[in-house]
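# Geometric and topological summary
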Amino acid sequence: MTALAILNGRLVDPAAGVDAAKDILLKDGRVAEIAGTGKLKSRNGAEILDASGLVVAPGLIDIHVHLREPGQGYKETIATGTAAAAAGGFTSVAAMPNTTPVNDSPEITRWMQAPERGAAVRVFPIAAATRASKGETITDFAALKAAGAVAVTDDGKPILKDSVMRETLAAAARAGLTVIQHAEDTRMTQGAAMNLGPMSFKLGLRGMPVEAESGLVERDIRLVGELRDAHPHLHVAHTSTAAALAAIRQARRNGLRVTCEVAPHHFLLTDEHVGFYDTHAKMNPPLRSAADRDAMIEGILDGVVDAIATDHAPHAMHEKEVEFEHAPNGIIGLETALGLCLRWLHSEWRMPLGRVLSLLSAQPAALLGLKGRGTLAAGSFADAVVFDPKAEWIYRATESKSKAKNTPFDGWTMQGKVRWTVSEGRVAYGSGQ
Amino acid sequence: MTLTAARRTLLTPVVPASSFPHNPGSLLSVSDLTVDSVSRLLRRATELEGQDPVLRDRILAKRRIALLFYESSTRTRTSFELASKALGADTTLISSLSSSIEKGESLKDTGLTLRALGAEAIILRHNSSGAPWLLEEATRLPVINAGDGMHEHPTQALLDLRTVLAHLRPGIGEVGAETLAGVNVTIVGDILHSRVARSNMLLLPRLGAQVLLCGPKELLPEQAAGAGPGIAIERDFDSALRRSQIVMMLRIQAERLAGLQLDLDEYKASYQLTGQRLAEHSPTAVVLHPGPIIRGLEITAGVADGPQSAILEQVTNGVAIRMAVVERALAATAQGGVA
């Protein structure tokens, strides 16, 4: 494999505590050398990326994406989803198991990682916690882990039964896997299409109460507490309510290993953005009240939130062009996450660049135990994103690399243009020097 | 916690202004209408009602109007049809049970098909809230919302307004923001599932009325009071009656209860409009009901047929109002075809 040198850039690697002008040499898929600008010892024969005026950072890591394969290739494929990931600066994505069939087996877990899928960046499968994600019988966590699964979840659906969740947490702890919960008490959300509040009343839509999320998070935290000696790791997916975040904050104070992620749409948008039945503002969990949205911002700024994850959920256009209550949940997010985080978290709300990047790389890597990822320290995987931190641009969904175009951020101003994405030493996105 | 206070002032993304309605002839929500346009519609309804049928027949002669009905309907469908025909328009009825909708054709494709067949406006009744917005987005035709799910029923609110005015402000020519000042309108019953309630509670306060919503928690959530200005909740029916000049009764929408269990005897004891209740607390109020009536449940037969009832006047007013609304729908595109 040829070597690649990224020269003259500003290296921002929060995990390594670096924010300085550095040259980087990538070789054989790993970071071979980091040196002051112009001081690399050996760059003979290396292909050169000139990062003058650009930020060089560890490749971004999205621990919550839906790549739709196997079985729903009309929405997205592993190839197109990871192409979108690369365009958005992501070098690792963790793929949810709600495929057709559900990824509840080592065979599917391996199939998703096979070279034939044509992935542009690294795909880490997250396997189903229960068979067919029916919430009844837990899967073989050790075998799934051996096949490459990095966590278990029934995402799209909750693990609802107390007994099954307890068993899942205990077995996952033994296997050394994280349990990711889609926290929704579905007994409280039947037929609901958006957040319960004045807006749902006004629109005549059935609403999902905040308690459907926070109640299940509280139940899960209680179970983690009961299993304290086994040290289970509970990760709350797409946290959207102040009450759930408060419960997570308290669990952490009590010394429990409970982590959470927040999606850009949940820290930027509210249920008012549903407007007149915009199905691009329909997702699960739904867009919440301004108070809940503000709590997400606060949680990100004060550190209780461990990761930004997009919940990239591609759907075909015709599936979204239907009556609001019948439209599928979810929006795409891989190509807008960095631009939105830099525009809002960094520029508008003054979060230091290193901390923003940490939420998008170092912290999610640590959360799922992705060794050698989320940093560009010598010896780590050669996963990098090179971007112009000041560049403003308008996002056009029609230009997305994803098969799907379902996004509420079409036409939004983004900040930070990705110039190159390098996955294990290969340029996965961007061209020209 | 000082940080919290500081963060509350953070700038967040603005909610974009609505681009609806795309077509100036559309009537999706009562909120699409200014008070002036409400006034114009009311005046036009009266003019059209009194006009020589032979002359009236030329107003929309041979214009094509599609009635697209995904739910059963007696009053609304018939009165839209009579109103359209009274203006000379050709109407065609597409109902979900005798069309390709049954075969799985989407609302968007159905709308595009109707447009391709020459429909110049579509009157839509649909069981999903928001369906008229989807149809208008797809076709850009004038779309008249004839009731969408639990959301709105704008022409019902307009005909209710016409009925209210006939009783409380007889002979009034123009209406404005103060026309109904001092008037209390109580809407009683299954507010949660009622598109009639939503359209009325958004329209009547804009003419100065105060709307009192009355019903049990299961059918009237607290959020309802936040739907707009001039709306309050009064759970005590008798107290609401004593304060009201207009009482609008609603049917319990069994088809939308979604598993909700109601004790009907308890409901009747608290919210049924009986002759005794009316005589005791509101002997002069005008009683409205959008229909269909379930006699003996939300209203007794005696009240429905009694002297304070204006239920059949509402039905008659429906034709006049819908003539004005249909005329407005096609007036906007009279010259240029599809906008």
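Keep in mind that this is a model prediction, so the values were computed, not measured.

What follows covers the overall build of chain B. Of regular secondary structure, chain B possesses 13 helices and 9 strands. Over its C-alpha atoms chain B spans a radius of gyration of 21 Å, differing by no more than 12% from the 20 Å that the globule rule assigns to 339 residues. In terms of its C-alpha atoms, chain B occupies a principal-axis envelope of roughly 65 × 55 × 45 Å. In chain B, buried positions account for 46% of the 339 residues. Taking the contacts inside chain B whose residues are at least 6 apart along the sequence as the reference set, 76% of them involve residues at least 24 apart.

Turning to the overall build of chain A, a few remarks are in order. Check the secondary structure of chain A and you find 13 helices and 19 strands. Over its C-alpha atoms chain A spans a radius of gyration of 21 Å, differing by no more than 12% from the 22 Å that the globule rule assigns to 433 residues. Principal-axis analysis of the C-alpha atoms places the extent of chain A at approximately 65 × 45 × 40 Å. Across the 433 residues in chain A, those meeting the buried criterion constitute 62%. Taking all contacts inside chain A whose residues are at least 6 apart in sequence as the whole, residues at least 24 apart take part in 75%.

Residues and elements named next belong to chain A. Looking at the secondary structure, you find Lys157 in the loop between strand E10 (151-153) and helix H4 (162-175). Take Lys157: there are 18 C-beta atoms within 10 Å of it, and that puts it in the partly exposed class. Each C-alpha atom, one on Lys157 and one on Gly430, is 36 Å from the other, the two residues being 273 residues apart in sequence. If near-sequence neighbours (up to four positions away) are discounted, Lys157 is found in contact with Ser133, Gly135 and His182.

To continue, consider helix H2 (residues 35-50) of chain B. All names here are of chain B. Over its 16 residues, H2 runs 23 Å from end to end, which matches the ideal 22 Å to within 8%, given 1.5 Å per residue. Along H2, the positions that sit buried rather than exposed are Val38, Leu41, Leu42, Ala45 and Leu48. Buried residues in H2, looked at end-on, bunch into an arc of 135°, giving them a common side. With respect to the buried face of H2, the exposed residues turned more than 90 degrees away are Asp36 and Gly50. The inward-facing, buried residues of H2 abut helix H3 (53-56), helix H7 (154-168) and helix H13 (311-331).

Another point: the sheet that holds strand E9 (residues 127-128) of chain A. Residues and elements named next belong to chain A. Strand order in the open sheet formed by 6 strands is E9-E10-E11-E14-E15-E16, with parallel pairing between adjacent strands. Two strands in the sheet have a free side with no partner beyond their single neighbour: E9 and strand E16 (307-308). Here 3 bridges tie E10 to strand E11 (residues 178-181), and the two strands are oriented parallel to one another. Looking at the pairing, Ala151 lines up with Thr178 of E11. In this fold helix H6 (residues 210-226) packs onto E11, strand E14 (234-236) and strand E15 (258-262), with an angle of close to 170° to the strand it touches most, E14.

Before going further, it helps to spend a moment on the domain arrangement of chain B. All names here are of chain B. For chain B, the assigned domains are domain 1 (30-152 + 318-331) and domain 2 (154-316). Put simply, the parts of the chain that give the side of domain 1 that touches domain 2 at least two residues each are H2, strand E4 (143-148) and H13. The element contributing the most residues to the side of domain 1 that touches domain 2 is H2, with 6 residues. Here the residues of the side of domain 1 that touches domain 2 sort into 11 nonpolar, 7 polar and 4 charged.

So, about the sheet that holds strand E8 (residues 122-125) of chain A. Strand pairs in the sheet, formed through backbone hydrogen bonds, run parallel or antiparallel to each other. Residue and element names in this part refer to chain A. Spatial strand order, E6-E7-E8: 3 strands in an open sheet with parallel pairing. Taken across any chain shown, the strands that pair with only one partner, and hence form the sheet edges, are strand E6 (60-65) and E8. Taken pair by pair, the neighbouring strands of this sheet meet at an average axis angle of 20°, ignoring direction. Helix H1 (residues 78-87) contacts E6, strand E7 (90-95) and E8 of the sheet and is inclined by roughly 135° relative to E7. Each of E7 and E8 touches helix H2 (residues 106-113); the most contacted strand, E8, lies at about 170° to it.

So, on to the nonpolar core. Val152(A), Ile122(B) and Ile187(B) are the most contacted members of the largest nonpolar core, which totals 241 residues. The leading source of residues in this core is H13(B), at 9 residues. Three or more residues apiece are contributed to this core by two domains, here domain 1 (30-152 + 318-331) and domain 2 (154-316) of chain B. If sequence neighbours within four positions are ignored, Ile122(B) has contacts with Ala66(B), Leu68(B), Gly111(B), Leu114(B), Leu135(B), Thr139(B), Leu141(B) and Val143(B).

Contacts between chain A and chain B engage 28 residues on the former and 29 residues on the latter. Mapped by element, the contributors of at least two residues to the side of chain A that touches chain B are helix H5 (198-203) and helix H9 (290-302) of chain A.

Okay, the confidence of the model for chain B next. Residue and element names in this part refer to chain B. On average, residues of chain B carry a pLDDT of 93, and 95% of them reach 70 or more. Throughout residues 335-339 the model reports pLDDT below 50, and contacts reaching past four residues in sequence, or to other chains, amount to 8 contacts. The ipTM assigned to the predicted complex is 0.94, against a pTM of 0.95.

In terms of burial, helix H8 (residues 195-203) of chain B is a largely internal element, 9 of the 9 residues being buried. Inspection of H8(B) places Arg195(B), Val196(B), Ala197(B), Arg198(B), Ser199(B), Asn200(B), Met201(B), Leu202(B) and Leu203(B) among the buried residues, and these make up the whole buried set.

Next up on the list: the pairing of strand E3 (residues 30-36) of chain A. Pairing of strand E2 (residues 18-27) of chain A with E3(A) involves 6 bridges; the strand directions are antiparallel. In the strand pairing of E3(A), Lys22(A) is matched with Gly36(A).

The subject of this paragraph is the packing of H4(A) against H6(A). All names here are of chain A. Between H4 and H6, the shortest axis-to-axis distance is 10 Å and the interhelical angle comes to 50°. Comparing their axes, H6 and H4 come out oblique. When you trace H4 past H6, the crossing you get is right-handed. Counted together, Asp162, Met165, Arg166 and Leu169 of H4 and Arg219, Asp220, Leu223 and Val224 of H6 form the full contact between these two elements. Broken down by class, the residue content of the contact of H4 with H6 amounts to 4 nonpolar, no polar and 4 charged.

How each quantity is defined
Residues numbered from 1 in each chain as written. Chains lettered and ligands numbered in written order. Predicted model: local features only at pLDDT ≥ 70, side-chain atom pairs only at ≥ 80, totals over all residues. Helix = DSSP H or I, 4+ residues; strand = E, 2+ residues; numbered from the N terminus. Rg over C-alpha atoms; globule rule 2.2 N^0.38 Å. Buried ≥ 20, exposed ≤ 12 C-beta atoms within 10 Å, placed from the backbone. Contact = placed C-beta atoms within 7 Å. Expected span 1.5 Å × (residues − 1). Arc of directions from axis to C-beta. Pairing = 2+ DSSP bridges. Axes fitted to C-alpha atoms, helices over the stretch in contact; angles between N-to-C directions. Domains from an automatic or database assignment. Nonpolar A, V, L, I, M, F, W, Y, C, P; charged D, E, K, R; others polar. Core = buried A, V, L, I, M, F, W, Y, C linked by C-beta atoms within 7 Å. pLDDT = per-residue confidence, 0-100. Parallel < 35°, antiparallel > 145°, perpendicular 65-115°, else oblique. Left-handed = near helix turned anticlockwise from the far one by under 90°.

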